[in-house]
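# Structural description and commentary
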Amino acid sequence: MCGIWALFGSDGNVAEQCSCAQKIAHRGPDCFRLESVRQFDRCVLGFHRLCINDGEHGMQPMRVRKYPHLWLCCNGEIYNHKQLREQFEFDCDTDCDCEIIIHLYEKGGVQFAAEQLDGVFAFILLDTKRKQVCFARDTFGVRPLFSVTEGDSVLAVCSEVKGLEGMFKKTKNGDTKAVTKWFPPGCYEVYDMSKEGRTKLQEHGRFHTIGDMPKYNVLVKPSMTKNQDHLDVIRLLLEAAVQKRLMSERRIGCLLSGGLDSSLIAALLTKNARKAGITYPIQTYSIGMEGSPDIAAARKVAKHIGSEHHEVGLTPEEALAAVDEIIYCLESFDVVNIRSSVGNYLLARYIQRETDSVVIYSGEGSDEVAQGYIYFNKAPSAEAADAQGRKLLSELYMFDVLRSDRATAAHGLEVRVPFLDHTFTSYYLSLPPELRRARNGIEKFLLREAFSGTGLLPDEILWRPKEGFSDGTSTLDNPLHLMLGNFAASKVTDEMMANAKKTYPINPPKSKEGYYYRMVFERHFPGKGNLMPTNWTPQWTDSDDPSARTFSHYKSS
């Protein structure tokens, strides 16, 4: 987890603009560097580093002796970097996993480079010889990237919106010609650069599509032998996804809610950490209010897998007090994201303050890949469920992985998400839709079935009904979504709601809770409503609230 920032051909006060790079210092608490590129006027690259691999030599902007014309800033982890070095016989200067991008680019260009990477990443690669700058972002958008553009020119990029706020002058009516937007996941762009550092878009393309098999040589091939079936392959690929993410010089831990997804990852992590020679105990972390079902379930899992478990208490007062801070951290006004981030954010804060773990495994992504939300039980057909799951995967960068990235990065931690492994997801999505749909009123039936009888988890956890993270941290009789809703309602009048569409014409709020979150968001990021063009919304349900506890088919665990 790092923070990247860049400025191209500025006509403003460069010193003032560079100060904006400090707004993302939390993403890389170990080292910081701003460097101007002498071949271009008013062109600056910035990097905040969280040292995970090759702490001595991996600082960025990175340049290597063989290709001094290339400058790299990358926020990411490339799990197959050693295999790529051997495959292409690259002579690398460092042991940093991100250096491989420079060599791949020089061999075949930015599209080729991005296609070869097994990992998560957002990078800037500046080529002074070809007078170009390139950008790319991983398939699911696990690592964030935003740009400020003006026409077909990019003015600046950053890992978070806050690092771009206030960089460009406004007109008298408060507008700027520049537009802040997401860099699309799974894509790359190439811009020509003038001597003045100005850029012009030359190429935009997609290097990978969700569900397609990777173009690189995978470490574990998803092929069945005579003695294997699809359940064996699911287990094999998910375990391989956990194994490859053990690449770290810093201590590893795992979020553990006691739900299926985090429990599977925590169990596979503790099992494979021992095999990999990790001698320290794996720490697991849960958070919840007194009487929370998640706390009780996580305790059972931790005992079963033998982790060093940390339980963090949460009070209603702490949850409400954190809301404004969380909205600034998330750069989002989505109701579900904010509710779920309360536990994520406060738990990450505890990990940073009270432990020495830095690399944090998470079960994010499973609900989208394996159709895990309880509303999938009401899908009218297997094909409809498949289409909805793929839609959720394509929007992950605005919701769940945004939350997991920001909540951890805000506290100098790096999150890793094995369920979004390229090989695992492409194989799982290749199975027939009928096989992947909910069965017998049980969501994620196929995933549960794959680990049934293995002893990896207690059956009561393996078959525990889905519980949303924000719901599971609170009790049934006093759920978090009602606490937050009542708090927000006290801040928003009926008159304000009546004028919601006029006040916020882009994605207007539909509830007082949503209105309050939007007000806080606009205070921090005025006029940036375009960054959230849609809300996370459940399907096939009779409820107006996205909390699963309000659905008629909700099952308490």
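Residues numbered from 1 in each chain as written. Predicted model: local features only at pLDDT ≥ 70, side-chain atom pairs only at ≥ 80, totals over all residues. Heavy atoms only, no water.

Put simply, the rule reads: UniProt positions are given in the numbering used here, feature names are shortened, and annotations may be inferred rather than shown by experiment.
Under an unreviewed UniProt entry, the protein has the name Asparagine synthetase [glutamine-hydrolyzing] and belongs to Branchiostoma floridae. What UniProt states about the protein under its Pathway (unreviewed entry) heading is, verbatim, "Amino-acid biosynthesis; L-asparagine biosynthesis; L-asparagine from L-aspartate (L-Gln route): step 1/1."

## Concerning the packing of aromatic side chains
The description of an aromatic ring pair uses the distance of the two centres, along with the angle that the planes make with each other. We count it as follows: Here the aromatic set is Phe, Tyr and Trp, taking the six-membered ring for Trp, and pairing holds for ring centres within 6.5 Å; pairs whose planes are under 30 degrees apart are stacked, those over 60 apart are edge-to-face, and all others are tilted. Helical segments are the DSSP runs of H or I of at least four residues, strand segments are the runs of E of at least two, and each set is numbered from the N terminus. Think of it in three bands: with a 1.4 Å probe and only protein chains considered, a residue is buried below 20% of the maximum accessible area for its type, exposed above 50%, and partly exposed in between. The rule for a charge over a ring is simple: NZ of Lys or CZ of Arg within 6 Å of the ring centre, and within 35 degrees of the ring normal.
Counting across every chain of the model gives 24 aromatic pairs. Judged by centre distance (6.3 Å) and plane angle (55°), the rings of Phe135 and Phe183 are tilted. In this pair, Phe135 is assigned in strand E7 (residues 132-137) and Phe183 in the loop between strand E10 (179-182) and strand E11 (187-193), connecting sequence segments 48 residues apart. The class of Phe135 is buried, set by a relative accessible area of 1%. Relative to Phe525, the ring of Tyr328 has its centre 5.7 Å away and its plane inclined at 5°; by these criteria the two rings are stacked. With Tyr328 in helix H8 (residues 323-330) and Phe525 in the segment after helix H21 (512-524), the pair connects residues that are 197 residues apart, well separated along the chain. Taken together, the ring pairs in this structure connect Tyr373, Tyr375, Phe376, Trp536 and Trp540 into an aromatic cluster. Across the ring face of Tyr328, the terminal group of Lys162 is positioned such that the distance to the ring centre comes to 4.9 Å.

## Topic: the pairing of E10
For clarity, the threshold we go by: Each pair of strands is called paired provided DSSP finds at least two bridges between the two strands.
Residues Thr180 and Trp182 of E10 are buried on one face, while the alternating residues Val179 and Lys181, pointing to the opposite face, are not. Alignment of strand E8 (residues 146-150) against E10, held across 4 bridges, turns out to be antiparallel. Across the sheet, the residue bridging to Ser147 is Lys181, located in E10.

## What about the sheet that holds strand E6 (residues 119-127)?
Whether parallel or antiparallel, the strands of a sheet pair through hydrogen bonds between backbone atoms. What counts, and what does not: Under this scheme, a helix contributes an axis fitted over its contacting stretch, all axes are lines through C-alpha atoms, and angles between N-to-C directions fall in the 0 to 180 degree range. Throughout, a residue-residue contact means that at least one pair of heavy atoms, one from each residue, lies within 4.5 Å.
An order of E4-E5-E6-E7-E11-E12 is seen for the 6 strands of this open sheet, with the pairing classed as antiparallel. At either end of the open sheet lies a strand with only one pairing partner, and these are strand E4 (62-64) and strand E12 (199-206). Averaged over neighbouring strand pairs, the angle between their axes works out to 20° when direction is ignored. For strand E5 (residues 67-78) and E6, the ladder comprises 9 bridges, and the chain directions are antiparallel. Within E6, the position partnered with Gly76 by the bridge is Phe121. Across the sheet, helix H3 (residues 100-115) touches E4, E5, E6, E7, E11 and E12, and the angle it forms with E5 is around 75°.

## Focus on the sheet that holds strand E9 (residues 153-158)
Taking strand neighbours across the sheet as the criterion, the 6 strands line up as E2-E3-E1-E9-E8-E10 in an open arrangement whose pairing is antiparallel. The sheet terminates laterally at strand E2 (31-36) and E10, the two strands that pair on one side only. Taken over all neighbouring pairs, the strand axes of this sheet differ in orientation by 20° on average, direction set aside. In this sheet, strand E3 (residues 44-49) lies alongside strand E1 (residues 3-7) in antiparallel orientation, the contact comprising 5 bridges. Across the sheet, the residue bridging to Ala6 is Leu45, located in E3.

## Here we look at unusual backbone geometry
Cis peptide bonds are those with omega within 30 degrees of zero, and the linkage from Gln60 to Pro61 qualifies with 0°. In this structure, Pro61 sits in the loop between E3 and E4. In this structure, Arg42 is a non-glycine residue whose phi angle is positive, near 50°. Along the chain, Arg42 falls in the loop between E2 and E3. Not every positive phi belongs to a glycine, and Glu331 is a case in point at roughly 60°.

## Here we look at the side chain of Ser292
For clarity, the threshold we go by: Two N or O atoms count as a polar contact when they lie within 3.5 Å, although within protein this holds only if one can serve as hydrogen donor and the other as acceptor, and sequence-adjacent residues are included solely when both atoms are side-chain atoms.
With respect to the helices, strands and loops of the structure, Ser292 is situated in the loop between strand E14 (283-288) and helix H6 (293-305). Look at Ser292 and you get buried, because its relative accessible area is 5%. Of note is the side chain of Ser292, whose polar atom sits 3.2 Å from the backbone nitrogen of Asp294. The contact partners of Ser292, leaving out residues within four places of it in the chain, are Gly472, Thr473, Ser474 and Thr475.

## Considering the environment of His481
Note that His481 resides in helix H18 (residues 480-489). Through-space distance from the C-alpha of His481 to that of Pro184 is 31 Å; in sequence the pair is 297 residues apart.

## Section: the nonpolar core
Where we set the bar: To form a nonpolar core, buried Ala, Val, Leu, Ile, Met, Phe, Trp, Tyr and Cys residues must be joined to one another through side-chain atoms within 4.5 Å. Marked domain ranges trace back to an automatic or database domain assignment.
Of all hydrophobic cores here, the largest spans 131 residues; its most connected members are Trp5, Ile234, Leu420, Leu447, Phe451 and Tyr517. Shared between two domains, this core holds at least three residues of each, these being domain 1 (3-206) and domain 2 (230-316 + 338-475). Ignoring sequence-local partners within four residues, the contact set of Ile234 consists of Phe424, Tyr427, Tyr428, Leu431, Leu446, Leu447 and Ala450. The next biggest cluster of nonpolar side chains, apart from the first, holds 29 residues, and it includes Cys96, Leu117, Ala136 and Tyr188.

## Some words on the domain arrangement of the protein
Stated precisely, the cut-off is as follows: Here the quantity called buried area is the total loss of accessible area, with a 1.4 Å probe, experienced by two parts when brought into contact, counted for both. In what follows, salt bridge is the name for a side-chain nitrogen of Lys or Arg lying within 4 Å of a carboxyl oxygen of Asp or Glu. Any residue that is not Ala, Val, Leu, Ile, Met, Phe, Trp, Tyr, Cys, Pro, Asp, Glu, Lys or Arg is counted as polar, Gly included; the first ten are nonpolar and the last four charged.
When cut into domains, the protein gives domain 1 (3-206) and domain 2 (230-316 + 338-475). The centre of domain 1, based on its C-alpha atoms, is set 30 Å off from the matching centre of domain 2. Each partner contributes residues to the interface: domain 1 has 30 residues there, and domain 2 has 28 residues. Approximately 2400 Å² of surface area, both sides summed, lies buried where domain 1 meets domain 2, with 58% of it carried by carbon and sulfur atoms. Interface area lost by domain 1 to domain 2 is led by Ile52, Tyr79 and Phe140, which between them contribute 32%. If you look at where domain 1 meets domain 2, you find 4 salt bridges. Arg27 serves as the salt-bridge partner of Asp405, at 2.9 Å between the closest nitrogen and oxygen. At the junction of domain 1 and domain 2, the tally comes to 7 residue pairs in polar contact (both at pLDDT 80 or more). A per-class count over the side of domain 1 that touches domain 2 returns 13 nonpolar, 8 polar and 9 charged.

## Quick notes on the pattern of salt bridges
Evaluation of the coordinates by the stated rule reveals 41 salt bridges. Between Glu311 and Arg299 there is a salt bridge, with its nearest N and O atoms 2.6 Å apart. Of the two residues, Glu311 is situated in strand E15 (residues 308-313) and Arg299 in helix H6; the sequence distance between them amounts to 12 residues. Under the relative-accessibility criterion, Glu311 is labelled partly exposed at 35%. As a salt-bridge pair, Lys391 and Glu395 come within 3.2 Å of each other at their nearest N and O atoms. With a relative accessible area of 16%, Glu395 lands in the buried category.

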